[in-house]
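# Commentary on secondary and tertiary structure
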Amino acid sequence: MDRSTPDWLIHDYREDDLAAVVHLIDTTAELGQESVFSLAECITALTSRQPAVVAVSRGVPIGAALAHLAGDRAWVMRIAIAPAWRGRGLASALLRELERRLVAQHVRRIAYVLPEEELLGEGLRNAGYARRPAVAYFEKTEPAAGPAAGLLEELGGRLLPGDLWDKVAGMEAEKTLIERRVVLPLAEPERAARHGVRPPRAIALFGPPGTGKTTFARAVASRLGWPFVELLPSRLADEGNLAAALRSAFARIAQLERVLVFIDEVEEIAPTRTEGVAGGMHGVTNELLKLIPGFREGEERLLVCATNSIRSLDPAFLRPGRFDYVIPIGTPDAAARAAIWSRYATAGQDVDLDALVAASELFTPADIEHAARIAAQTAFERDLGGSGTGAAGATTADHLAAMAQCRPTVTPAMTEEFTADIGSHARV
Ligand SMILES: Nc1ncnc2c1ncn2[C@@H]1O[C@H](COP(=O)(O)OP(=O)(O)OP(=O)(O)O)[C@@H](O)[C@H]1O
Ligand SMILES: [Mg+2]
């Protein structure tokens, strides 16, 4: 409640304010109090309990401000002020109250996009908002999403950011292979067809933990611009019968126009049938074996299965008609480690990359990321303690000490096993 302004009271939006707020938004749009958000979007925000405040004078709503949250950023959607109350500081008061609620919900940045000539601009500067120079607001209207959008949501799927492929550091050999065999034939099917190349429909990635299998699956989806749906056996099993749940998930997936389906730790649902019998997995393996041919008939779809333990997969599962490629993802070589280290250790200016690369043999990308995080934390704490110069960040010694603290995930025995698996299972 804003006590410095006795002319009005500001309260949290309540359901019974809806009609009045809609009326305010609707009528003030003609007065130039426009917004990049439509009335329908404002109503959706209000009804889905996004933060909003309403100003009332003598029981009559005279202004409203509403926002919607997106992670740690909030967008102010609209501040609507009844005409008689303009120019009296009500907009600032509403904004202040709205900000308090946003901060309480851990918002770090608040954005407000205004029509260029909108008078509020001055007030916003006074309220501590900086105008982003040289920013223009672009908008594209996509055709209605149709039922696929709902389906995708049901499946827990989503479109990933577009830059994940470029963010995979190093791993050039695996990257090149996956790009040529998988990404390009799917991205350019006509060109591939001219050469008799059939785009893959299913691939398996195998290798020790933390080498980047999930990262590659996501990067491929990102590169293709396809939605990413991860089927989690543990979640599917919640629905009771795992085989039936898989069948129903694949039926829904079949309705999507394009999709990358990811199944991690696939050995859990398709173990060698003799081993799996005890866990009752036999039926599930069979179900998956039956589902893959149907999945393969569609275009613009790719199934990616990942496993740490390729040898415990049912051999029938991996055969060529089902999986086009069985690709090993191993620990990074020196060049790849250099690329990954420079991704994670760039805060320190004079880090001796060669020393880090040499000391991190058998480290996975996940191990490197972890060690770099420990080193960064050490530097941060030194800075807080006042014993550092403040700017330097983690040093080579910090990184080496961090590495000594964390055991590499992959042991020489695992590497040996992996090399053997490449011989017996890889198909690239
Ligand atoms: N090439 C890379 N460059 C930079 N970071 C990477 C790279 N590969 C993996 N990482 C990072 O390492 C971590 C582990 O990667 P990821 O989860 O893809 O491994 P994984 O092989 O799927 O492991 P698991 O077998 O345990 O599922 C992630 O935080 C990821 O961001
Ligand atoms: Mg993984």
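As a reminder, the structure under discussion sits directly above these lines.
Here the structure is a predicted model, which is why all the values come from computation and not from measurement.

What counts as what
Residues numbered from 1 in each chain as written. Chains lettered and ligands numbered in written order. Predicted model: local features only at pLDDT ≥ 70, side-chain atom pairs only at ≥ 80, totals over all residues. Helix = DSSP H or I, 4+ residues; strand = E, 2+ residues; numbered from the N terminus. Buried ≥ 20, exposed ≤ 12 C-beta atoms within 10 Å, placed from the backbone. Pairing = 2+ DSSP bridges. Axes fitted to C-alpha atoms, helices over the stretch in contact; angles between N-to-C directions. Arc of directions from axis to C-beta. Contact = placed C-beta atoms within 7 Å. Near = placed C-beta within 6 Å. Nonpolar A, V, L, I, M, F, W, Y, C, P; charged D, E, K, R; others polar. Domains from an automatic or database assignment.

### Quick word on the overall build of the protein chain
Scanning the protein chain from N- to C-terminus turns up 18 helices and 10 strands. Sorting the 428 residues of the protein chain into buried and exposed places 36% on the buried side.

### Structural notes on unusual backbone geometry
Most peptide bonds take the trans configuration, and most residues that are not glycine carry a negative phi. Phi at H106 is positive, roughly 70°, even though this residue is not glycine. On the secondary structure map, H106 appears in the loop between helix 3 (90-104) and strand 5 (109-112). Residue H106 is classed as exposed on the basis of its C-beta count, with 10 C-beta atoms lying within 10 Å. You will see that L362, though not glycine, has its phi angle at about 75°, which is positive. Structurally, L362 is set in the loop between helix 15 (353-359) and helix 16 (365-384).

### A few points about the sheet that holds strand 6 (residues 202-206)
Across the sheet, five strands lie side by side as 7-8-9-6-10; this open sheet has parallel pairing. Both outer strands of the open sheet, strand 7 (228-230) and strand 10 (325-328), are each paired with one neighbouring strand and no more. With direction set aside, neighbouring strand axes in the sheet form an average angle of 20°. Across three bridges, the pairing between strand 7 and strand 8 (residues 259-263) is parallel.

### Quick look at helix 2 (residues 39-47)
When helix 2 is considered as a whole, its buried residues turn out to be C42, A45 and L46. When helix 2 is viewed along its axis, its buried side chains cluster within an angular range of 100° and face the same direction. Away from its buried face by more than 90 degrees, helix 2 exposes A40 and T47. Considering only its buried residues, helix 2 is in contact with helix 1 (18-29), strand 2 (52-57), strand 3 (60-70) and strand 4 (73-81). Two residues or fewer past helix 2, R49 is found with a positive phi of approximately 60°.

### Re the site of ligand 1
Close to ligand 1 lie 19 residues; G212, K213, T214, T215 and P365 are nearest. At the level of secondary structure, the elements contributing two or more residues to the shell around ligand 1 comprise helix 9 (213-224), helix 14 (334-344) and helix 16. Of the residues in the shell around ligand 1, the class split is eight nonpolar, seven polar and four charged. Here the shell around ligand 1 gathers at least three residues from each of two domains, domain 2 (147-331) and domain 3 (334-409).

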